[in-house]
Amino acid sequence: MFLPLSDTSLQLLPELAAFDTSGQTLFVADLHLGKAAAFRDAGLPLPDGSDAETLHALSALIRDLKARRLVILGDVFHARISHREALHALLRDWLGSHRDLKLAIVPGNHDRKIRWDEWFPEADILTPGTAVGNCLLHHQPPETTPKTGIALCGHLHPGISLSRRGVRGVTAPCFRLQENVLTLPAFGSFTGLSVLARVAGDRFFVSVRKQVVEVPVPH
Amino acid sequence: MSVSSPITSWFRARGWRLLPFQRETWEAYARGESGLVHAPTGLGKTLAAWIGPIREELQSGTEERAMRVLWITPMRALATDTARSLQQALDGVGLQRRAECRTGDTSSSVRVRQKRMPPFALVTTPESLSLILTDEEQLPVLRGLRAVVVDEWHELLGSKRGVQTQLCMARLRTLAPGLKVWGLSATIGNLDEAMRVLLGRDAAQGRIVHGRDRKVIKVETLLPKEMETFPWSGHIGVKLVQQVAERIANARTTLLFTNTRSQTEIWYQELLDACPDWKDQLAMHHSSIDREDREAVEQRLRDGTVKCVVCTSSLDLGVDFSPVEQVMQVGSPKGIARLLQRAGRSGHQPGAVSRVLGVPTNALELVEFAAARESLAARRIESRHPVMAPLDLLAQHLITVALGGGFREEEMLAEVRSTHSYANLTDDEWKWTLRFITTGGALHAYPQYHKVTLGEDGVYRLTDERMARMHRFSIGTIVAGASVSIQLRSGRRLGSVEEWFISHIQPGRCFIFGGKVWELVRFHNLVAQVKPPEKKKPKGQIPSWQGGKSPLSSELSAAVADKLRRFRAGEPDKSPEMKKITPVLEVQRRWSIIPNPDEMLIEQLQTRDGYHVYLYPFAGRLVNAAIGTLTGYRIGRDNPLSLIVTPNDYGVELYGTVPLEVSESEWRAILSPDHLLDDVLASVNAAELGRHHFREIARVAGLILTGTPGSPPTMKMLQTSSGLLYDVFTKYDPDNLLLSQARREVLERQLEFTRLRETLQAMTRRKIICRRCERLTPLAFPLWSDRISTHLATEDASTRLARMLEELERAAQKDKA
């Protein structure tokens, strides 16, 4: 569905990404690559596979939408890890198969110690608040809402919990629209959810049956 | 015997008589035997087990100060009291030795002193014992042990803590060969098994010592004054609140037990509404209330400064609250042992009578209380069965031992297999668990994963300081729910609720917790900040917590079914409950039948809203639910239809909008025990149930780190939800044995699979009686009225999400119109 705001051509995708049709730009947030490896570093034996799946899902979206540009809204990586060869190889291959893609990254709080030239030599590294079209790019939600355009951010891994009396509730990733600030759900396949409080005025969008729909709010 | 004289003179001085079972225990102990002492609470079990080690020390005549006895208790709140009474006995016989406790509450300075100068006896919990085992320097102390006493073993037996105790016992037997192990247990249905589990490989030489059980337990029921207005269903069960309040007014101190935390909050509010001037004399106790507040309530109980405490199972165990004069049980007692336990909270003194007053919330609970009374008199108490071979706990224990001196594979395997729970551990399971803690558990090893490493000397050790610290911090099997902490602005913690509940409350709105109304200020990062509401007469929602609804036990179900059989046969029954319920049962008899235990009654009926089928297996709500979903699945296999399944402890309703035409022979096939496991797995959403349950396993296996206060930010990056871990394993390492353990445990705990199979096997011998009814019968009515609020969702999460959105959409539309 298109984001229900005037003067935007931003589409919310059921794959938990956003797409700007005018600039053929794909926006995703919070990949958290290398998370399983970071856990293993600390003595928690988690299996590999999530990084490959995340990148695969990203490739599929880029291909299907014929995206020309990809913007990652922070937390590309989960943490610095000790054995980087496997992830390096994975990312080299991935970049190799998207040579025409323009890549821009707004670094996130998890990316603090990342040397970008090592991982993404061609990418634009943006400072928070950089504008692309009428979108202002952030990782963390901006402290004040912008006067014009819309702010895009990630960081929160927003989730919403729905329940009916007597039935176990469902928690699902969601987009949150707070005035003109859109928080994207985490895209990575090994990321968690943080259930958001429902403040009056906030709008939530969830992916259900391959469609994004707005969560109705009873008044 | 000379060493007995200080003991006998001490007994004489206290005016105590030596009981035969105490003597039997000391003598067995003196012969070097191990075993189990069985006697009800308050009858001298402690002394029975304690005098043996004291005599041994007197006899040895040495001045050498060493730790000789470990005393394991299930609750740290009990440890202090226990240590005190052990010390009294030591002083009483003039033995200059110390008994001290060591639990999670023990300060580090005391722990250091205990390490330097170990007391003669150490009172501790299974968790603290595991923690001691991680410390290589303490092994010499443990090698000097003569005896271990496991107090309230029946409380530990059926849980993973019981398995943890078994593993610790095996370790101690290795360290101190010749160790004597004694369990103390209240009455349970399988004392023999309880002893075998505790003693492991030494079980054949074990001895059970029985104390005489003379305790008088009185079960009475608060009878509704008018049966006509008494609800058949359980929902409006607070109707008796006036009568309850009268009883509370007439007693010094009352414990009012309910079955769930929400019920506790509800009854507290109702009592307060009924008697507003009790505000300061009414207290509440449940496991989601913050520990400090709970301890304050416990102290008031001890002091006798509180009139009534509304509580849940959080007060089942624990310190002796002597001032408690009256115990009430609101709603179904659920089990005979449970009612006995709760009754025992009153009349704690030896010789005193324990009383419990049942407060039924629906008509059939009258039968339950009457049946429970008979079963109690005959001491027909439920059994508790040990958990078998949980690999999460084995992984945890292996790391514990790897830290505390390390282990060699062959020896450790033999030690683990010497326990009851792991006696049949397969080589594959062992190898897998060892890989899990060394190379990562998956088929291939991960280069950067180092936890436990195999040294050149063939010993597995854990040497990484950080991982050691993390392990020590997360030892144990008690798993707190994924919960949101409720705090005041000052940071004072009130307790916890579940995330889904709080996320539905908008900031500025109110909810009830711990008996008070709170206004939500904000909810962020699993903390809900609240403040007292500004409004004059605030109203708030009462939270509900998932889980916590236990099924009626097999024993009590059978006792209820037998009561009904005798009623149908016209056997005279003078109990007031049966007299009271007679009109209701007569209606059941007229409109349908009162089913006998060898019959399976199926009622069918059409109402304005649709078609209903009621099955009455009398097998407890979990099994009834499983039978309901199974029936829906097996009927729907040939002719798919949408059914709503609603269970209670007696039966299950299947509700649909098209008629269900099933012949008697078809019912035979539907209720057959054949292909049970496959059909059950296909009929319930086993994957989602497993995901839910994985929390405990992930925590025990050390996959979830509980953040330490003041832990560095890197810790935060390692925190994740168990549901997410479950998904990661399911996707990328589906053969992980912890996943199969989760599925197995879910089958047992959430579906009571063993009981289900037994019920269906017995069903093949039951006569199937199909009745078409004109109206809802007294047995059917509670199910019918429950449907709206408690039906089981068997659809998967995405379908549920879609359905909820549709409902929200409808509600929003209605709002607009």
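Worth saying up front: this structure is predicted, and the values here are computed from it rather than measured.

**Describing the overall build of chain B**
Helix and strand counts for chain B stand at 32 helices and 25 strands. In terms of C-alpha radius of gyration, chain B reaches 28 Å, essentially the compact-globule figure of 28 Å for 817 residues. A total of 817 residues make up chain B; the buried ones form 46% of that total. Contacts spanning at least 24 positions in sequence make up 75% of the contacts within chain B whose residues lie at least 6 apart.

**What about the overall build of chain A?**
Per the secondary structure count, chain A includes four helices and 15 strands. Compactness check: chain A gives a C-alpha radius of gyration of 17 Å against a globular reference of 17 Å for 219 residues, within 12% of the reference. Projected onto the principal axes, the alpha-carbon positions of chain A cover approximately 55 × 45 × 35 Å. Every one of the 219 residues in chain A was classed for burial, and the buried ones make up 47%. The long-range fraction of contacts in chain A, counting pairs at least 24 apart against all pairs at least 6 apart in sequence, stands at 66%.

**Regarding the confidence of the model for chain B**
The predicted model of chain B averages 87 in pLDDT, with 90% of residues at 70 or higher. Predicted as a complex, the structure gets a pTM of 0.86 and an ipTM equal to 0.85.

**Side note on unusual backbone geometry**
When glycine is set aside, most residues are seen to have a negative phi, and most peptide bonds are trans. Backbone geometry places Lys210 of chain A, a non-glycine residue, at a positive phi of 60°. Along the chain, Lys210 of chain A turns up in the loop between strand S14 (203–208) and strand S15 (211–214). In this structure Lys210 of chain A comes out as exposed when scored by C-beta crowding, with 9 C-beta atoms within 10 Å. Phi at Glu152 of chain B is positive, roughly 50°, even though this residue is not glycine. The exposure class assigned to Glu152 of chain B is buried, which follows from the 20 C-beta atoms found within 10 Å.

**Description of the sheet that holds strand S8 (residues 217–221) of chain B**
All names here are of chain B. Strand order in the open sheet formed by six strands is S8-S13-S12-S9-S11-S10, and the pairing between neighbours is parallel. Both edges of this open sheet fall to S8 and strand S10 (282–285), since each of them pairs with a single strand only. Strand-to-strand twist of the sheet, defined as the mean angle between neighbouring strand axes without regard to direction, takes the value 20°. Sitting on the sheet, helix H14 (residues 336–343) is in contact with S8, strand S9 (254–257), strand S12 (326–330) and strand S13 (354–359), with an inclination near 120° to S13.

**Re the packing of helix H15 (residues 364–377) of chain B against helix H22 (residues 576–591) of chain B**
Any two packed helices are characterised by the angle at which their axes cross and by the distance between the axes. All names here are of chain B. Contact geometry for H15 and H22: axes closest at 9 Å, N-to-C directions at 155°. Relative to H22, H15 is oriented roughly antiparallel. With respect to the hand of their crossing, H15 and H22 are arranged in left-handed fashion. Touching Leu366, Val367, Phe369 and Ala370 of H15 are Glu577, Met578, Lys580 and Ile581, all from H22. Tallied by class, the residues present in the contact of H15 with H22 amount to six nonpolar, no polar and two charged.

**Overview of the sheet that holds strand S5 (residues 147–150) of chain B**
Residue and element names in this part refer to chain B. Read across the sheet, seven strands follow the order S3-S4-S2-S5-S6-S1-S7 without closing on themselves; strand pairing throughout is parallel. Each edge of the open sheet carries a strand with a single partner, namely strand S3 (99–102) and strand S7 (207–210). Adjacent strand axes in the sheet meet at a mean angle of 20° when their direction is disregarded. Relative to strand S6 (residues 180–185), strand S1 (residues 35–38) runs parallel, the two sharing four bridges. In the strand pairing of S6, Gly35 is matched with Trp182. On the sheet, helix H2 (residues 20–30) packs against S1, S6 and S7 and is oriented at approximately 160° with respect to S7.

**As for H15 of chain B**
Residues and elements named next belong to chain B. Taking 1.5 Å as the rise per residue, H15 with 14 residues should run 20 Å; its terminal C-alpha atoms sit 20 Å apart, in good agreement. Of the positions making up H15, those classed as buried are Leu364, Glu365, Leu366, Val367, Glu368, Phe369, Ala370, Ala371, Ala372, Arg373, Ser375 and Leu376. Those residues of H15 that are buried are in contact with S8, H14, S13, helix H21 (554–568) and H22. Count one or two residues on from H15 and you reach Arg379, which has phi positive near 55°.

**Thoughts on helix H2 (residues 50–65) of chain A**
The terminal C-alpha atoms of H2 of chain A lie 23 Å apart, and with 16 residues this matches the ideal 22 Å at 1.5 Å per residue to within 8%. Among the residues of H2 of chain A, those classed as buried are Ser50, Asp51, Thr54, Leu55, Leu58 and Ile62 of chain A. One side of H2 of chain A holds all its buried residues, which, seen down the axis, span an arc of 135°. In this structure, H2 of chain A carries His56, Ala60, Arg63 and Asp64 of chain A as exposed residues pointing more than 90 degrees from its buried face. Packing partners of the buried residues in H2 of chain A comprise strand S3 (25–28), helix H1 (35–41), strand S4 (69–72) and helix H3 (85–96) of chain A together with helix H28 (722–732) of chain B. Directly beyond the C-terminal end of H2 of chain A, a positive phi value near 55° is found at Lys66 of chain A.

**Section: the nonpolar core**
Grouped together as the largest cluster of nonpolar side chains are 256 residues, with contacts concentrated most on Val28, Leu73 and Leu152 of chain A. Among all residues touching Leu152 of chain A, those that are not within four sequence positions of it are Ala18, Phe27, Leu73, Cys135, Leu137, His138, Leu182 and Leu184 of chain A. Among the nonpolar cores identified, the runner-up in size contains 16 residues, and Val484, Val497, Phe501 and Phe511 of chain B belong to it.

**Some thoughts on the pairing of S8 of chain B**
Residue and element names in this part refer to chain B. Of the two faces of S8, the one lined by Ile217, Val219 and Thr221 is fully buried and the one lined by Lys218 and Glu220 carries no buried residue. Alignment of S8 against S13, held across five bridges, turns out to be parallel. Within the sheet, the bridge partner assigned to Thr221 lies in S13 and is Gly358.

**What to know about the environment of Pro390 of chain B**
Residue and element names in this part refer to chain B. Along the polypeptide, Pro390 turns up in the loop between H15 and helix H16 (391–403). Its 23 C-beta neighbours within 10 Å are what place Pro390 among the buried residues. Sequence-wise, Pro390 and Gln164 are 226 residues apart; in three dimensions their C-alpha atoms are separated by 9.9 Å. Contacts of Pro390, omitting those with residues within four sequence positions, involve Lys160, Val163 and Gln741.

**A short note on the environment of Leu61 of chain A**
Residues and elements named next belong to chain A. Inspection of the secondary structure puts Leu61 in helix H2. Overall, the presence of 19 C-beta atoms within 10 Å leaves Leu61 in the partly exposed class. Once the C-alpha coordinates of Leu61 and Gln178 are considered, the two residues, 117 residues apart in sequence, prove to be 26 Å apart. Setting aside residues up to four positions removed in sequence, Leu61 forms contacts with Glu15, Ala17 and Leu26.

**What about the packing of H2 of chain B against helix H3 (residues 45–60) of chain B?**
Residue and element names in this part refer to chain B. One can describe the packing of H2 onto H3 by two numbers: an axis separation of 8 Å at closest approach and a directional angle of 40°. Taken together, H2 and H3 sit at an angle that is classed as oblique. Relative to H3, H2 is oriented so that their crossing is right-handed. Only Leu47, Ala48, Ala49, Ile51, Gly52 and Arg55 of H3 make contact with H2, whose side of the interface consists of Phe21, Gln22, Thr25, Trp26, Tyr29 and Ala30. Here the contact of H2 with H3 is composed, by residue class, of eight nonpolar, three polar and one charged.

**Description of the environment of His286 of chain B**
All names here are of chain B. Structurally, His286 is set in the loop between S10 and helix H13 (291–303). Taking the C-beta count within 10 Å as the criterion, His286 has 24 such neighbours and is therefore assigned buried. Taking the C-alpha atoms as reference points, His286 and Trp545, 259 residues apart in sequence, are found 11 Å from one another.

**Details of the pairing of S5 of chain B**
The side chains of a regular strand alternate, residue by residue, between the two faces of the sheet. Residue and element names in this part refer to chain B. Every second residue of S5 is oriented toward a common face, with Ala147 and Val149 on one face and Val148 and Val150 on the other, all of them buried. Both S5 and S6 contribute to a ladder of four bridges, which runs parallel. Looking at the pairing, Val148 lines up with Val181 of S6.

Cut-off values and rules
Residues numbered from 1 in each chain as written. Chains lettered and ligands numbered in written order. Predicted model: local features only at pLDDT ≥ 70, side-chain atom pairs only at ≥ 80, totals over all residues. Helix = DSSP H or I, 4+ residues; strand = E, 2+ residues; numbered from the N terminus. Rg over C-alpha atoms; globule rule 2.2 N^0.38 Å. Buried ≥ 20, exposed ≤ 12 C-beta atoms within 10 Å, placed from the backbone. Contact = placed C-beta atoms within 7 Å. pLDDT = per-residue confidence, 0-100. Pairing = 2+ DSSP bridges. Axes fitted to C-alpha atoms, helices over the stretch in contact; angles between N-to-C directions. Parallel < 35°, antiparallel > 145°, perpendicular 65-115°, else oblique. Left-handed = near helix turned anticlockwise from the far one by under 90°. Nonpolar A, V, L, I, M, F, W, Y, C, P; charged D, E, K, R; others polar. Expected span 1.5 Å × (residues − 1). Arc of directions from axis to C-beta. Core = buried A, V, L, I, M, F, W, Y, C linked by C-beta atoms within 7 Å.

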